[in-house]
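Descriptive structure summary
What follows is the residue order along each chain.
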Amino acid sequence: MKKVKKPVFFVVCLLIILFAASVILGISTYYGDITTVYVKGVNNIRFGIDIKGGVDVTFTPPEGTDATNEQLDAAKEVIVQRMIKLGITDYESYIDYNNDRIIVRFPWKEGEANFDPEAAVKELGETAELTFREGHEVDELGMYTGVTAENVILVGADVQNAQPIQDRETSEIMVSLELTPDGAKKFAEATARLYQEHGVISIWMDDTCFSYPSVNAVISDGRATISGNFDAESAKALADKINSGALPFKLVTASFSTISPSLGTGALEAMVIAGLIAFAFIAVFMIALYRLPGAVAVISLVGQVAGTLAFISGYFGFMNGSILTIPGIAGIILAVGMGVDANIITSERIKEELMIGKTLDGSIESGFKRAFSAILDGNVTMILVAIILMGAFGTPDSIFSKLLTFAFFMFGPSTAGTIYSFGFTLLTGVALNLFFGVLCSRLMLASLSKFKAMRNPKLYGGGVRSEQ
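Residues numbered from 1 in each chain as written. Predicted model: local features only at pLDDT ≥ 70, side-chain atom pairs only at ≥ 80, totals over all residues. Heavy atoms only, no water.

Comments concerning the pairing of strand S8 (residues 159-166)
Looking down a regular strand, the side chains alternate between one sheet face and the other. Defined as follows: Strands pair, by our definition, only if DSSP identifies at least two bridges between them. Counting from the N terminus, the helices are the DSSP runs of H or I reaching at least four residues and the strands are the DSSP runs of E reaching at least two.
Bridge analysis of S8 against strand S9 (residues 173-179) gives seven bridges, and the strand direction is antiparallel. In the strand pairing of S9, Asn-161 is matched with Glu-178. Remark: six residues form the turn of the hairpin made by S8 and S9, two consecutive strands paired antiparallel; Ser-171 in that turn has positive phi of roughly 65°.

And the structure:
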């Protein structure tokens with residue numbers, strides 16, 4: 001404590017203020033209509049459909065159909081391709097393998113007044129048409145034309161199976177195709193002709209081309225491979241797209257709900273106003289009850305909230321941001337409550353030390369030491385709860401879902417977009433509380449205690465005796 005110098009308070013306080021300002025405003029430049037964002041601010045936060053408004057739909061196979069995991073993967077890939085075709089890029093899609101469900105969420109289009117969500121959902125659930133076509137002739141819109149439009153070599157029903165494989169000798173990753181007898185015959189005729197012409201075969205999902213490999217050999221046994229610059233993930237994605245064209249069922253809409261943008265925006269505005277009012281009351285309460293430690297606590301809480309918003313917006317370049325939902329906002333509020341509790345515990349410990357006659361420096365040092373174990377226990381417990389929530393309700397590829405596989409498969413991803421956001425904001429807020437509420441608060445309070453005018457124990461909740 002004696003090593004903390006007087007300027008430390010001003011340095012820490014200024015850094016917190018600058019950090020909070022940069023998180024709120026962000027850093028960007030404008031050149032005409034082009035905006036270049038260097039540091040993301042709160043305006044770059046991506047909101048969930050419960051705030052922004054959007055569509056939440058669950059697809060299942062028809063009753064009596066027992067879909068395999070491969071078929072569900074393929075069906076999801078069809079839905080993703082269709083959303084991209086509709087111009088919907090800010091989407092979430094998950095598979096609940098235990099219950100044969102595909103959960104899809106996407107927000108309303110920006111400025112879109114005539115968007116028909118029911119028509120979009122109906123189009124998403126229709127079985128896609130997979131075709132293998134001769135050549136790769138396209139018009140200015142990317143649609144097939146000429147020979148490619150006229151010559152269909154295979155359709156989805158001609159493909160029995162597609163899967164990623166790895167060559168044992170070269171370690172090259174490829175996509176293997178197994179055709180039906182009728183498909184093998186048609187493919188043999190086409191490859192025999194195109195091989196002589198050094199031609200290509202393009203693969204289409206509806207009117208979207210996603211691959212056009214060259215014909216390097218005559219394929220007569222109904223087994224072919226597609227090679228290229230594949231990794232394991234891209235090879236599986238291509239195999240899923242090919243398999244999806246041969247799905248034996250049409251997806252059924254099991255549940256469907258929409259949230260209007262005005263309802264979500266209204267809820268967000270109400271929660272922001274309520275949060276600001278609550279924070280103001282907390283600040284007045286902390287300062288009135290605990291005086292100088294209370295004022296320091298308010299500054300540290302500002303840093304904690306700013307840090308949480310920074311992680312959500314993607315402020316830090318080393319990690320992506322997270323979607324913020326209404327439960328996510330509740331997680332921020334709960335984390336602030338934990339921060340207030342930590343500062344109350346510390347302030348009470350300092351007051352107790354002063355009441356038994358210890359010096360100001362000794363009271364501050366002992367108060368933080370006595371409070372730390374209780375603060376750490378509470379925060380670690382909340383961090384574990386947040387990790388379990390993120391693991392149980394996160395996306396299948398998230399690090400916490402992989403760590404807690406048993407929990408993920410117990411609950412599934414059906415509420416991932418909302419509960420995951422709650423766990424994320426709670427985790428970041430509580431973790432930041434240990435930095436701002438303990439370390440920064442301690443540095444600022446120890447620094448202030450070095451000023452003669454700030455050495456009156458009454459300013460720390462103690463008696464009226466002053467120290468020189």
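Quick notes on the nonpolar core
Here is the rule we go by: Remark: nonpolar core denotes a set of buried residues (Ala, Val, Leu, Ile, Met, Phe, Trp, Tyr, Cys) joined through side-chain atoms within 4.5 Å. The buried label goes to any residue with under 20% of its type's maximum accessible area, the exposed label to any with over 50%, and the partly exposed label to all in between, with areas taken from a 1.4 Å probe on protein chains only.
Counting 52 residues, the largest nonpolar core has Phe-19, Val-23, Val-430, Met-444, Leu-445 and Tyr-460 as its most contacted members. Ranked by size, the runner-up nonpolar core spans 26 residues in total, among them Ile-173, Val-175, Ala-184 and Ile-219.

Here's the deal with the sheet that holds strand S6 (residues 130-134)
Rules: Every axis corresponds to a line fitted to the C-alpha atoms, with the helix fit spanning only the stretch in contact, and the corresponding angles, defined between N-to-C directions, vary from 0 to 180 degrees. Throughout, a residue-residue contact means that at least one pair of heavy atoms, one from each residue, lies within 4.5 Å.
Spatially, the four strands line up as an open sheet ordered S7-S6-S10-S11, and their pairing is antiparallel. One side of each edge strand has no neighbouring strand; the edge strands of this open sheet are strand S7 (152-155) and strand S11 (208-211). Here the strands of the sheet are splayed against their neighbours by 35° on average, with no regard to which way each runs. Most of the contacts of helix H6 (residues 181-197) go to S7, to which it runs at about 150°, and overall it touches S6, S7 and strand S10 (201-205).

Description of helix H1 (residues 7-25)
To keep it simple, the criterion reads: For a helix, the expected span equals 1.5 Å multiplied by the residue count minus one.
For H1, spanning 19 residues, the distance from its first C-alpha to its last is 27 Å, which sits close to the expected 27 Å at 1.5 Å a residue. Inspection of H1 places Phe-9, Val-12, Cys-13, Ile-16, Phe-19, Ala-20, Ser-22 and Val-23 among the buried residues, and these make up the whole buried set. Positioned one or two residues after H1, Gly-26 has a phi angle of 70°, which is positive.

Side note on the sheet that holds strand S12 (residues 223-226)
The three strands lie next to each other as S8-S9-S12, forming an open sheet whose pairing is antiparallel. Whereas interior strands pair on both sides, the edge strands pair on one side only; in this sheet they are S8 and S12. Direction aside, neighbouring strands of the sheet carry axes that sit 25° apart on average.

Things to note about the pattern of salt bridges
Quick note on the threshold: Think of a salt bridge as a Lys or Arg side-chain nitrogen and an Asp or Glu carboxyl oxygen that are within 4 Å of each other.
Summed over all chains, the structure comprises 13 salt bridges. Between Glu-352 and Arg-349 there is a salt bridge whose closest N-O contact spans 3.9 Å. Taken together, the positions of Glu-352 and Arg-349, both in helix H10 (residues 326-355) and three residues apart, correspond to about one turn of that helix. Judged by relative accessible area, Arg-349 falls into the partly exposed class, the value being 23%. Across the pair Arg-370 and Glu-353 runs a salt bridge, and its minimum N-O distance is 2.6 Å. Placement of Arg-370 in helix H11 (residues 360-393) and of Glu-353 in helix H10 is noted, with a sequence separation of 17 residues between them.

Some remarks on the packing of helix H9 (residues 292-313) against H10
As a reminder, the rule being used: For classification, angles of less than 35 degrees are called roughly parallel, those exceeding 145 degrees roughly antiparallel, those between 65 and 115 degrees roughly perpendicular, and all remaining angles oblique. The handedness criterion is simple: a crossing whose near helix is rotated anticlockwise from the far helix by less than a right angle is left-handed, and one whose near helix is rotated clockwise is right-handed. In this classification, Asp, Glu, Lys and Arg are treated as charged, Ala, Val, Leu, Ile, Met, Phe, Trp, Tyr, Cys and Pro as nonpolar, and every other residue, Gly included, as polar.
Running from N to C, H9 and H10 cross one another at 155°; their axes reach a closest spacing of 10 Å. Taken together, H9 and H10 sit at an angle that is classed as roughly antiparallel. Judged by the twist between their axes, the crossing of H9 over H10 is right-handed. Here Pro-293, Ala-297, Ser-300, Leu-301, Gln-304, Val-305, Thr-308, Leu-309 and Ile-312 of H9 come into contact with H10, specifically with Ile-332, Ala-335, Val-336, Gly-339, Val-340, Asn-343 and Ser-347. Residues belonging to the contact of H9 with H10 are distributed by class as follows: ten nonpolar, six polar and no charged.

Thoughts on the packing of H1 against H9
Across the interface, H1 lies against H9 with an axial gap of 9 Å and an inter-helix angle of 35°. The crossing of H1 and H9 is left-handed. Contact residues: H1 offers Phe-9, Cys-13, Ile-16, Phe-19, Ala-20 and Val-23, while H9 offers Ile-299, Val-302, Gly-303, Ala-306, Gly-307, Leu-309 and Ala-310. When the residues that make up the contact of H1 with H9 are grouped by side-chain class, the tally is eleven nonpolar, two polar and no charged.

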